[in-house]
Amino acid sequence: AWRGVEAGESRMCQLEKTGELGMFTSLHLATHGWNVNSDTPMESHLFLQDSLLEGLEIANWQLDAELVVLGACCSGQWPIGGRGMAELPGDDLFGLPAAFFAAGAKQALSSLWPVYSDTARAIVTAFHRFLIAGQSPELALQGAVVEYINSAGLRLRNSFYWAPFFLVVVGRPYRKQAGP
């Protein structure tokens, strides 16, 4: 785990250059994020300690991660309109999840809108706990959200707080084959 200055752009670039980044089976980035809002594809970005990490840079990484957790506001937004068009062709080309998929990740947990930090921490912590206990990512997320709703106060049970979190999977998940 890297925090503060250790989690800056130079560290990420160093991990990418040495190939270490591609050796991780999961990545968890707890930071601030920004969604696509201009005419430049892959302009979504994460805020690191000392810089911005843009989607285009992420898409050029070499990853083999089964799971990427983006604990960041708006990290899962994929535009489907705007730029003077009624509907964007190939919206899968834009946004942070698409950048991580282009880099080689297979699953991404992210959020659709700005998230309340305490809620994000509670849900993502429970998500990891359920994963460690052997649940699949989709069931881990479901369990984490249910646990959050059951433990949150009346105001924080509102769907605004827990509903932005979702899991996206590229391809089919690994399934054990039955038989001898």
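Data block above holds the structure.
Residues numbered from 1 in each chain as written. Predicted model: local features only at pLDDT ≥ 70, side-chain atom pairs only at ≥ 80, totals over all residues. Heavy atoms only, no water.

> Before we move on, can you summarise the overall build of the chain with the specific residues and values?
In terms of helices and strands, the chain carries six helices and seven strands. Starting at the N terminus, the α and β elements of the chain follow one another as α-β-β-β-β-α-β-α-β-α-α-α-β. Every one of the 180 residues in the chain was classed for burial, and the buried ones make up 39%. Of all intrachain contacts in the chain linking residues separated by at least 6 positions in sequence, the fraction that spans at least 24 positions is 67%. Surface summary for the chain: the accessible area is close to 10,400 Å², and the carbon and sulfur share equals 56%. (Helix = DSSP H or I, 4+ residues; strand = E, 2+ residues; numbered from the N terminus. Buried < 20%, exposed > 50% of the residue type's maximum accessible area, 1.4 Å probe, protein only. Contact = heavy atoms within 4.5 Å. Areas by Shrake-Rupley, 256 points an atom, 1.4 Å probe, with all protein chains shown as cover.)

> I'd like a description of the nonpolar core, backed by residues and values.
Of all hydrophobic cores here, the largest spans 24 residues; its most connected members are L46, I58, W61 and F100. Where this core is concerned, the elements lending two or more residues are α1 (9–18), β1 (26–30), α2 (55–59), β5 (67–71) and α3 (96–103). Counting residues per element, this core draws most heavily on α3, at five residues. Non-local contacts of F100, meaning those with residues more than four positions away in its chain, are made with L27, L29, L46, I58, W61, L63, V68, L70 and A105. (Core = buried A, V, L, I, M, F, W, Y, C linked by side-chain atoms within 4.5 Å.)

> Give a description of the environment of K17 that names residues and reports values.
Note on placement: K17 falls in helix α1. Overall, the relative accessible area of 76% leaves K17 in the exposed class.

> Account for the side chain of S75, naming residues and giving values.
Among the secondary structure elements, S75 is positioned in the loop between β5 and α3. There is a polar contact of 3.3 Å between the side chain of S75 and the backbone oxygen of L70. Apart from the residues lying within four places of it in its own chain, the contact partners of S75 are L70, L96, P97, S110 and S111. (Polar contact = N/O pair within 3.5 Å; in protein donor to acceptor, adjacent residues only side chain to side chain.)

Don't take any of this as a statement about function, it's just geometry.
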